[in-house]
Amino acid sequence: MELTSRDQAALDAAIEQARKSLSEGGIPIGAALMDAHGVIVALGHNQRVQTGDPTAHAETVCIRNAGRRRDWHTLTMATTLSPCAMCTGTAVLHRIPRIIIGEHMTYTGREDWLAAEGVDVVVAHDLRCTSMMEDFIAARPELWDEDIGVPGDCTNG
């Protein structure tokens, strides 16, 4: 499925957030929430490394930044990477009906859960997202493993 110009603008905003996280020394994942008129209502980037908060994934931060709302069921989320179980659960809880995923080659989260909940999942196969994650994973494999919950070497803490 081809992205609309609004979808592309939301994904572009998410990519800028991912770049922001990377420039801060964090994981390069970003998210944006867009309303039915194409207005970006919230942005977020992965801040897990920067804040020490293991729940500060991009999608969750974006939803926190949106604040209290009654229109979740009308919003679209764009995220640079397939959302993990925690972020998927947050989107499902808030009944976000549509999620644009920049890429899912480097990590496939819980797209199955989103689909089971009736969420319209659009995978953009955006090469900017893929190359950013591939470069990051190659450069910082231990940090990536930490982010996705891969156990570390127990002898080193």
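Keep in mind that this is a model prediction, so the values were computed, not measured.

A. Broad picture of the nonpolar core. Core analysis: the largest hydrophobic core is formed by 25 residues, its most contacted members being Ile29, Leu33, Trp72, Met77, Ile96, Ile99 and Trp144. The set of elements that each furnish at least two residues to this core consists of strand S1 (30–34), helix H3 (58–66), strand S3 (76–81), helix H4 (85–93), strand S4 (98–103), helix H6 (127–139) and helix H7 (141–147). With four residues, H3 is the single largest residue contributor to this core. Ignoring sequence-local partners within four residues, the contact set of Ile96 consists of Leu33, Ile63, Trp72, Leu75, Met77, Ala91 and Val119. Judged by nonpolar contacts, the second largest core, of 14 residues, contains Leu3, Leu11, Ala14 and Met34.

B. Broad picture of the packing of aromatic side chains. Under the definition given, this model contains one aromatic pair. With 5.9 Å between their ring centres and 90 degrees between their planes, Tyr107 and Trp144 make a pair best called edge-to-face. Taken together, the positions of Tyr107 in the loop between S4 and helix H5 (111–116) and Trp144 in helix H7 put the pair 37 residues apart, joining distant regions of the chain. Of the residues examined, Tyr107 reaches a relative accessible area of 22% and is grouped as partly exposed.

C. Main features of the pairing of S3. The element S3 is extensively covered by neighbouring structure, given that six of its six residues are classed as buried. Across four bridges, S1 lies against S3 in antiparallel orientation. In the strand pairing of S3, Ala32 is matched with Ala78. Of the pairings in the sheet, the one linking S3 to S4 comprises five bridges and is parallel in character. Its bridge partner lying in S4, Met77 is registered against Ile99. One crossover worth recording links S3 to the parallel S4 by way of H4, and it is right-handed.

D. Examining the packing of helix H1 (residues 5–23) against H6 more closely. Running from amino to carboxyl end, H1 crosses H6 at an angle of 15 degrees, the nearest separation of the two axes being 11 Å. Here H6 runs roughly parallel to H1, going by the angle between their axes. Here the hand of the crossing between H1 and H6 comes out left-handed. Counted together, Gln8, Leu11, Asp12, Ile15, Ala18, Arg19 and Leu22 of H1 and Arg128, Cys129, Met132 and Phe136 of H6 form the full contact between these two elements.

Rules of the game
Residues numbered from 1 in each chain as written. Predicted model: local features only at pLDDT ≥ 70, side-chain atom pairs only at ≥ 80, totals over all residues. Heavy atoms only, no water. Core = buried A, V, L, I, M, F, W, Y, C linked by side-chain atoms within 4.5 Å. Buried < 20%, exposed > 50% of the residue type's maximum accessible area, 1.4 Å probe, protein only. Helix = DSSP H or I, 4+ residues; strand = E, 2+ residues; numbered from the N terminus. Contact = heavy atoms within 4.5 Å. Phe/Tyr/Trp six-rings, centres within 6.5 Å; stacked < 30°, edge-to-face > 60°. Pairing = 2+ DSSP bridges. Right-handed = clockwise from strand over helix to strand, strands pointing away. Axes fitted to C-alpha atoms, helices over the stretch in contact; angles between N-to-C directions. Parallel < 35°, antiparallel > 145°, perpendicular 65-115°, else oblique. Left-handed = near helix turned anticlockwise from the far one by under 90°.

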